[in-house]
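Coordinate inspection notes
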Amino acid sequence: MDGNDSITCVIPLTATAGNGYRIRITASAPADTSDNNGLDIRIKPMPSSVLASSNSPVCVDDTIKLYGSSASTGVTYSWMGVGGFVSGAKDTIRANVAGAFAGNYILAVNRQGCVVKDTITIQVKPRPSDTAIASSNSPVCTNGTINLNGTSTTIGVSYLWKGPGGYTSSIQSPSRVNAVTGYSGIYRLYTALNGCPSRYYDSVNVTVYPPTSVPVPSSNSPVCTGQDLQLTAGTVPGATYVWSGPGGYSATTQNPLRPATLTSYAGKYYVQAVVNGCISAPDSTVVTVNAGPTISMYPSPKDSICVGGTVTFVSNATNTGTGFVRNWYKNNNVIGGAANANYTASTVADGDEFYTTITVYGVCATPFTATGNVIKMHVLPYLTPSVSITANPKTTVTSG
């Protein structure tokens with residue numbers, strides 16, 4: 001070994017920091033020990049308990065937060081990372097993160113020239129590549145179901161809906177049942193990929209129509225067979241109407257007319273109002289159908305009499321109730337003062353026609369007039385009889 005040789009030595013990590021250290025060389029072949037270097041050497045302490053940490057993983061466009069710590073005092077910190085990132089702060093940030101910012105970040109802690117390092121790996125996760133599309137089946141009726149629909153072209157995203165009344169759902173296309181008007185409003189759809197939300201959201205405006213008012217039904221009941229049945233419903237602004245009734249009856253007008261009533265028309269009739277496609281609860285009215293009054297008559301003794309004879313017309317009425325008026329007619333003219341069940345005519349000409357009517361009150365929807373059968377009279381003239389006698393074989397005969 002000559003005087004220009006050099007030896008590299010490593011101070012053990014276990015060495016205690018201090019100022020009185022010297023160096024001497026010990027050889028084994030031949031065995032020899034040199035003098036020390038003649039000067040004191042100071043061993044400085046290494047920084048201890050160095051730790052680098054962060055808020056990794058982070059999402060694209062978020063901020064990387066780097067944290068440094070050491071149990072030693074009097075140290076300085078420096079950071080180095082991917083893409084030329086450097087910082088001299090103990091705790092530092094890197095804003096507006098891009099995917100290229102992912103990788104290793106090194107924290108160097110320096111104490112009087114003695115440096116200890118720690119390394120952390122930063123993970124940068126992507127956000128959904130598109131804005132999800134929100135849609136619905138709005139408008140819906142009260143007590144109906146709101147169907148929300150979410151779509152995204154990014155595979156593997158999660159969904160989050162937020163809406164009126166504190167509504168939330170993590171289902172892609174949820175339903176909200178038993179809708180009330182308080183469910184109306186803006187529903188926002190958010191998506192996230194591996195916990196990283198999309199930069200934007202989409203929204204849909206949902207309308208829940210208020211309950212449709214129930215129309216109050218009525219009719220001209222009771223009606224008699226043959227009369228028109230008039231159904232009526234209370235007015236609901238902007239409504240159309242749906243009627244149903246006995247025998248498969250249906251109608252879509254507010255006040256429908258059912259002509260020429262039959263007994264099978266009796267029963268309960270229901271009506272509902274429809275506004276904006278929302279149908280009300282039903283209400284009903286009961287229709288009573290009564291048999292209509294009838295009247296008939298016959299002549300006594302018969303419809304053929306002799307000149308100067310009289311005839312009595314006998315009537316028979318049914319379903320008249322307690323309030324009615326009867327009239328008798330001769331040749332389509334009212335016979336004044338004739339209102340009884342029977343009418344006797346003493347002045348009758350050949351060909352005269354007689355009939356009777358009865359007008360009933362309170363049995364049918366309106367005063368109902370029934371007309372009886374028409375009797376045409378035949379008046380026969382009186383004829384004088386003649387007699388003639390002849391004899392056969394002759395007018396003269398022998399005795400005996």
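Residues numbered from 1 in each chain as written. Predicted model: local features only at pLDDT ≥ 70, side-chain atom pairs only at ≥ 80, totals over all residues. Heavy atoms only, no water.

1. A closer look at the sheet that holds strand β10 (residues 92–94)
With antiparallel pairing, three strands are arranged side by side in an open sheet as β5-β7-β10. In this open sheet, the two strands that pair with only one neighbour each are β5 (51–54) and β10. The average undirected angle you get between the axes of adjacent strands in this sheet is 20°. (Pairing = 2+ DSSP bridges. Helix = DSSP H or I, 4+ residues; strand = E, 2+ residues; numbered from the N terminus. Axes fitted to C-alpha atoms, helices over the stretch in contact; angles between N-to-C directions.)

2. Focus on the state of the cysteines
A covalent bond between the sulfur atoms of two cysteines is referred to as a disulfide. Within the structure shown, the criterion is met by three disulfides. With a sulfur-sulfur separation of 2.0 Å, Cys59 is cross-linked through a disulfide to Cys196. Taking the sign of the S-S torsion, about -90° here, the bridge from Cys59 to Cys196 comes out left-handed. Of this pair, Cys59 sits in strand β6 (residues 58–59) while Cys196 sits in strand β21 (residues 196–197), and the two are 137 residues apart along the sequence. By relative accessible area, Cys196 is classed as buried at 0%. Disulfide partner of Cys224: Cys364, at an S-S distance of 1.6 Å. Taking the sign of the S-S torsion, about -90° here, the bridge from Cys224 to Cys364 comes out left-handed. Of this pair, Cys224 sits in strand β25 (residues 223–224) while Cys364 sits in the loop between β40 (353–361) and β41 (368–371); the two residues are 140 residues apart in sequence, bridging distant segments of the chain. Looking at Cys224, the relative accessible area reads 0%, which means it is buried. Note on Cys364: relative accessible area 7%, which makes it buried. (Disulfide = S-S within 2.5 Å. Buried < 20%, exposed > 50% of the residue type's maximum accessible area, 1.4 Å probe, protein only.)

3. Comments concerning the pairing of strand β7 (residues 64–69)
Only one face of β7 is covered, namely the face carrying Ile64, Leu66 and Gly68; the face carrying Lys65, Tyr67 and Ser69 is uncovered. For β7 and β10, the ladder comprises three bridges, and the chain directions are antiparallel. The residue bridging Ile64 from the neighbouring strand is Arg94, located in β10.

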